Amino acid sequence: MKTKIRLGILGGGPDSLIGIVHRIASSMHDSYEIIGGVFNPDYNENLKFAEEIGLDKKRIYEDYEKMIDEELKLDERERIQVVSILTPNFLHYPMAKKLLENNFNVICEKPMTTTFEEAKDLENIYKSKNLTFAVTYTYTGYPMIRQMKEMIKSGVIGDIQRVDLQYYQGWINPIIHDSSKRSETWRLQPEKSGISCCIGDIGTHAFDMLEYVTGMEVDELLSDLNYVYDDNTMDVDGTILIRFSNKIKGVIRASQIATGEENNFTVAIYGKKGGFKWEQQNPNYLYHLTETEPMKVLKPGHDYNSGFAKISAKLPPGHPEGMFDSMANIYYGVAREINGNKEFDGEYPTLNDGLRGMLFIEKAVESHKNGNTWVKLN
């Protein structure tokens, strides 16, 4: 009989957008059982929500420190094995640090921390342990993103020449023009969100995706950020030029004031022999462009896909797979590693992805504040 991995969750209560995504994703491959955690800082609300989703109240705790202390008293065969951190950004570091120090595997929402220094500290602790640490850059789990990664690695489009990633949302537009709403939104509060809003929230998705599918690291960047109002200290829009080298360049465009946009994340990678285009709002279609043949459209579930793309598709061709499925593939990758079955490079975004993400955020803000100058990442 298969033994499921025992999962604990911090944050992600009933009002959380991402909480239900993680809970459903963890269940999709039948690899996890949610044991308990801390879903809400109000203990009574915490207990109430645990009852709603059918958890044993004895494994619901007042805070994460109490959870760790009490779980360590249990036999290893009962103890929570992996903890998902779904809280606002400023809590990621202290929670992840204490979890790693006490030998719990971690799945953490992005950005991994609020500073690069904090991320380096987590890296140092992680290197001294034999643990799994995943950062949920959700979109890396889509089957056709993984197909793109494999095809780029195998040289299908040749040497990369140009990259273009766009991530546009509009949800901050009705907030940014109202000073009272700005002060109430945690993503626009540096003490909770870190030094960046838009770039830290969605720009980092584009940066991680870029490095994930190409297999290369960005060398330097130049950013031009938009804060809209002088009294707003958090960016809500930005354009970032990037260079892998003097011969490989591109752009990341991110905005949360793109009025009317929902979740418009697009990826375009152009090589010497061809290109790929992908849109998050139509994630089952990977467009393969060349100069010598008509455009091809690749879709999940078909035998022509790579082994990595195949294990990432759960349904036959023609059945849409979406964000829940993408997040589920990240959870599945963590489970496969814990169970000793990891087979492919990139089955989940690693702590190093989180570290690179924090470096990107800080360098983007630095470049803008320096007067839009080129800054090195490596």
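Residues numbered from 1 in each chain as written. Predicted model: local features only at pLDDT ≥ 70, side-chain atom pairs only at ≥ 80, totals over all residues. Heavy atoms only, no water.

Draft legend 1. Main features of the overall build of the protein. In terms of helices and strands, the protein carries 13 helices and 14 strands. Here the C-alpha radius of gyration of the protein, 21 Å, is about what a compact globule of 378 residues would show, namely 21 Å. Reported as C-alpha extents along the three principal axes, the dimensions of the protein are approximately 60 × 55 × 40 Å. Counting only residues that meet the buried cut, the protein has 57% of its 378 residues in that class. For the protein, the exposed area adds up to about 16500 Å²; of that, 47% sits on carbon and sulfur atoms. (Helix = DSSP H or I, 4+ residues; strand = E, 2+ residues; numbered from the N terminus. Rg over C-alpha atoms; globule rule 2.2 N^0.38 Å. Buried < 20%, exposed > 50% of the residue type's maximum accessible area, 1.4 Å probe, protein only. Areas by Shrake-Rupley, 256 points an atom, 1.4 Å probe, with all protein chains shown as cover.)

Draft legend 2. Seen up close, the side chain of Asp 353. When you line up the elements, Asp 353 lands in helix α13 (residues 351-369). Arg 356 provides the closest opposite charge to the buried, salt-bridge-free Asp 353, at an N-O distance of 7.5 Å. Excluding residues that lie within four positions of it along the chain, Asp 353 makes contacts with Tyr 137 and Asp 208. (Lys, Arg positive; Asp, Glu negative; His and termini not counted. Salt bridge = Lys/Arg side-chain N within 4 Å of Asp/Glu carboxyl O. Contact = heavy atoms within 4.5 Å.)

Draft legend 3. Inspection of the sheet that holds strand β3 (residues 82-86) at higher detail. The parallel open sheet is built from 5 strands, whose spatial order is β2-β1-β3-β4-β5. Edge strands, defined here as strands with exactly one partner in the open sheet, are β2 (32-38) and β5 (133-135). Direction aside, the axes of adjacent strands within the sheet are offset by 20° on average. Bridge count for strand β4 (residues 105-108) against β5 is 3 bridges, and the pairing is parallel. Following the sheet pairing, Val 106 is matched in β5 by Phe 133. Strand contacts of helix α4 (residues 92-101): β1 (5-11), β3, β4 and β5, with the helix running at about 175° to β3, the strand carrying the most contacts. (Pairing = 2+ DSSP bridges. Axes fitted to C-alpha atoms, helices over the stretch in contact; angles between N-to-C directions.)

Draft legend 4. Region of the structure containing the pattern of salt bridges. This structure, assessed with the given rule, holds 26 salt bridges. Note that Glu 123 and Lys 120 form a salt bridge whose closest N and O atoms lie 3.0 Å from each other. With Glu 123 and Lys 120 both in helix α5 (residues 116-127), this residue pair falls 3 residues apart, about one helical turn. Lys 120 sits in the partly exposed class, given a relative accessible area of 33%. Across the salt bridge formed by Lys 314 and Glu 321, the nearest N and O atoms sit 3.5 Å from each other. Taken together, the shared-partner salt bridges in this structure form one network comprising Lys 66, Glu 70 and Lys 73.

Draft legend 5. Quick look at the pairing of strand β12 (residues 282-289). Sheet topology note: the strand β11 (residues 275-279)/β12 ladder contains 5 bridges and is antiparallel. For Phe 276, the partnering residue across the bridge sits in β12 and is His 288. Counting the residues between successive antiparallel strands, the hairpin from β11 to β12 contains 2 residues. Strand direction decides the pairing type here: β12 and strand β13 (residues 296-298), joined by 3 bridges, are antiparallel. Across the sheet, residue His 288 finds its bridge partner in β13, namely Lys 296. Between β12 and β13, which follow one another and run antiparallel, lie 6 residues.

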